[in-house]
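# Fold and geometry: a report
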Amino acid sequence: MSQLRNDLILRVLRGESTERVPVWMMRQAGRYLPDYVKLRNKYSFFERCRTPELAAEITIQPVEQIGVDAAIIFSDILVVPQAMGMEVQLVESKGPLLPEPIRSTRDLDRLLVPDVEEGLGYVFDAIKLTKSYLAGAVPLIGFAGAPWTLLCYMVQGQGSKTFDGAKAFCYMQPDAAHRLLQMITDTTIGYLRGQVRAGADLVQIFDSWGGLLGPDDFETYSLRYIRQIVAALKDAAPVIIFAKGAWHSLAEMAATGAQGLGIDWCIRPQAARALAGERVALQGNLDPAKLLAPIPDIKKEVIGMLDAFKGHPHIANLGHGILPEVPVSHARAFVETVKQYS
Ligand code: CP3
C-alpha cells in the first residue's frame, strides 16, 4: 500500500503536534458539488453506493475540488439495516423510508447479523478502489452509524425530529431494544473491521441522534454499545465518536479510549475540552449554516473557532453535515482559512 503523503489527521489522533490543523467536512461528498449532482441525476442513491467506481469517484471529488485533508467513503449509515434484512428507500426530498419498521420482538426474527463480506462487500470494494485512486494523497475515513441512531431509523421507519416511536420502543420493550442494539453492534464491529482491512485509515461512528437522550439513557441505549465497538477496533484503527448534542457525556466518551470526539456548535470548544480532558482530539465545530454567510464572515468565524480550540489536538470540521445550498467557493474558503492559520 502506498505511503500517505498527508497524514495530519492521523498524527493529531495519535496526540502528536502538527504543523497545522487538519480539516475535512462531514457530508463533504454531496449535493453542494455540481459534479456530484451530475452523477445524482444519472444514478439512484443506492446505485451510487453499490457501484465501487461511482462511490470512489464521488469520494475523491471533495479532495480534488475543495482540498480537504481526508476523504470519507461515499456510502450511508442505512446500508447496515439493509444488510440486516430491512428494506430501505431514499425518497426524493423526504429522506429515508423503511416501510416495514421493527415494532416487536417478533419483528426481530426477520433480522440477521449478516456475513459482512456477503452483505456489505461492495463497500469494501469501494474502499479498495478509492485507496488506489487516492494513491496516498490523504487518509480515507470509514464510518458507520451508532447502534442507537440506527435503531431510531429501524424502529421509527423514517426521519423524525424527536424519534418518539424509537424511544417508546426502548422504554416499553427494553429487552427487545437491547436485543436489537446488540445485533446492530455485532454487525457494525464486523463491518468496521472489514472497512479497515479494505484500507480505511480511521473510522468515525455517527450518533446523529445521541443528543435526543438524557445522560442516563445515553449510557443505557447508546454509549454501552459504542464502547463495545471502540474496544473491538482498538488494535485496528483510530476511532472518532460523533454523538451530536450529547456533550454531557464527553468525559464518558473520552473514557472509551476513542482517539477523537466530534462536537457540534452548541458547546464552546473550551467547555468541551474541560469535559473531555487533555488527551483526546476534538473535532468540529462550525455551525454548517455559517457557510451561507459572506466569505469574509466565514473567515472570521473560522479563525475564532481555531483560536478557541488552540493548544490541544484539534481536527477542524463543521458541527454537522454541509448543507446542499452552500456555494462551492464558501466551502473552499472554510478549508483554505484553516490551512492558512498557524
Ligand atoms: O460524509 C460524506 O461525504 C460521506 C457520505 C455520507 C452520506 N450519509 C451520504 C448521503 C455519510 C457519512 C452519511 C451518514 C448519514 N446518513 C447520517 C449520519 C450523519 C448525519 O448527517 O447526521 C445519517 C443520519 C444518514 C441518514 C440519511 N441519509 C439521511 C437522513 C439522508 C437524507 C437527508 C439528505 O441529506 O438528503 C440520507 C441520504 C444521503 N446520504 C445523501 C448523501 C450524500 C443525500 C442523497 C442525495 O440526495 O444525493
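Residues numbered from 1 in each chain as written. Predicted model: local features only at pLDDT ≥ 70, side-chain atom pairs only at ≥ 80, totals over all residues. Heavy atoms only, no water.

Moving on, we come to the packing of helix α9 (residues 164-172) against helix α10 (residues 174-198). Angle between the axes and distance between the axes: these two values describe a pair of packed helices. For the pair α9 and α10, interaxial distance at closest approach is 5 Å and the crossing angle is 110 degrees. In this view, α9 runs roughly perpendicular relative to α10, as classed from their interaxial angle. Each of Phe169, Cys170, Tyr171 and Met172 in α9 lies in contact with α10, whose residues at this interface are Pro174, Ala176, Ala177 and Leu180. Classifying every residue of the contact of α9 with α10 gives eight nonpolar, no polar and no charged. (Axes fitted to C-alpha atoms, helices over the stretch in contact; angles between N-to-C directions. Helix = DSSP H or I, 4+ residues; strand = E, 2+ residues; numbered from the N terminus. Parallel < 35°, antiparallel > 145°, perpendicular 65-115°, else oblique. Contact = heavy atoms within 4.5 Å. Nonpolar A, V, L, I, M, F, W, Y, C, P; charged D, E, K, R; others polar.)

Compared with an ideal rise of 1.5 Å per residue, which puts 25 residues at 36 Å, α10 spans 36 Å between its outermost C-alpha atoms and is within 8% of the ideal. Positioned one or two residues after α10, Gly199 has a phi angle of 135 degrees, which is positive. (Expected span 1.5 Å × (residues − 1).)

This part is about the site of the ligand. Around the ligand, a shell composed of 23 residues is seen, among which Arg31, Tyr36, Asp76, Ser208 and His320 lie nearest. One of the side-chain nitrogen or oxygen atoms of Ser208 is found 2.4 Å away from an oxygen atom of the ligand. For the ligand, whose unbound accessible area comes to 860 Å², protein coverage reaches 88%. Every element with two or more residues in the shell around the ligand is listed here: α2 (34-42), α3 (45-50) and β3 (95-97). Tallied by class, the residues present in the shell around the ligand amount to 13 nonpolar, five polar and five charged. (Near = heavy atom within 4 Å. Polar contact = N/O pair within 3.5 Å; in protein donor to acceptor, adjacent residues only side chain to side chain. Areas by Shrake-Rupley, 256 points an atom, 1.4 Å probe, with all protein chains shown as cover.)

Below, the discussion takes up the side chain of Ser249. The residue Ser249 is located in the loop between β6 (239-243) and α12 (250-254) in this model. Under the relative-accessibility criterion, Ser249 is labelled buried at 4%. In this structure the side chain of Ser249 is engaged in a polar contact, spanning 2.8 Å, whose partner is the side chain of His248. Contacts of Ser249, omitting those with residues within four sequence positions, involve Pro215 and Phe218. (Buried < 20%, exposed > 50% of the residue type's maximum accessible area, 1.4 Å probe, protein only.)

Glancing now at the pattern of salt bridges. Throughout the structure, instances matching the rule amount to 13 salt bridges. A salt bridge links Arg197 to Glu117; the shortest N-O distance between them is 3.5 Å. With Arg197 in helix α10 and Glu117 in helix α7 (residues 116-134), the pair connects residues that are 80 residues apart, well separated along the chain. Here Glu117 falls in the partly exposed class, since its relative accessible area comes to 47%. The residue Glu301 makes a salt bridge to Lys290 at a minimum N-O spacing of 3.2 Å. Remark: Lys290 occurs in the loop between β8 (281-286) and α14 (295-309) and Glu301 occurs in helix α14; sequence separation between them is eleven residues. Given a relative accessible area of 32%, Lys290 falls into the partly exposed group. (Salt bridge = Lys/Arg side-chain N within 4 Å of Asp/Glu carboxyl O.)

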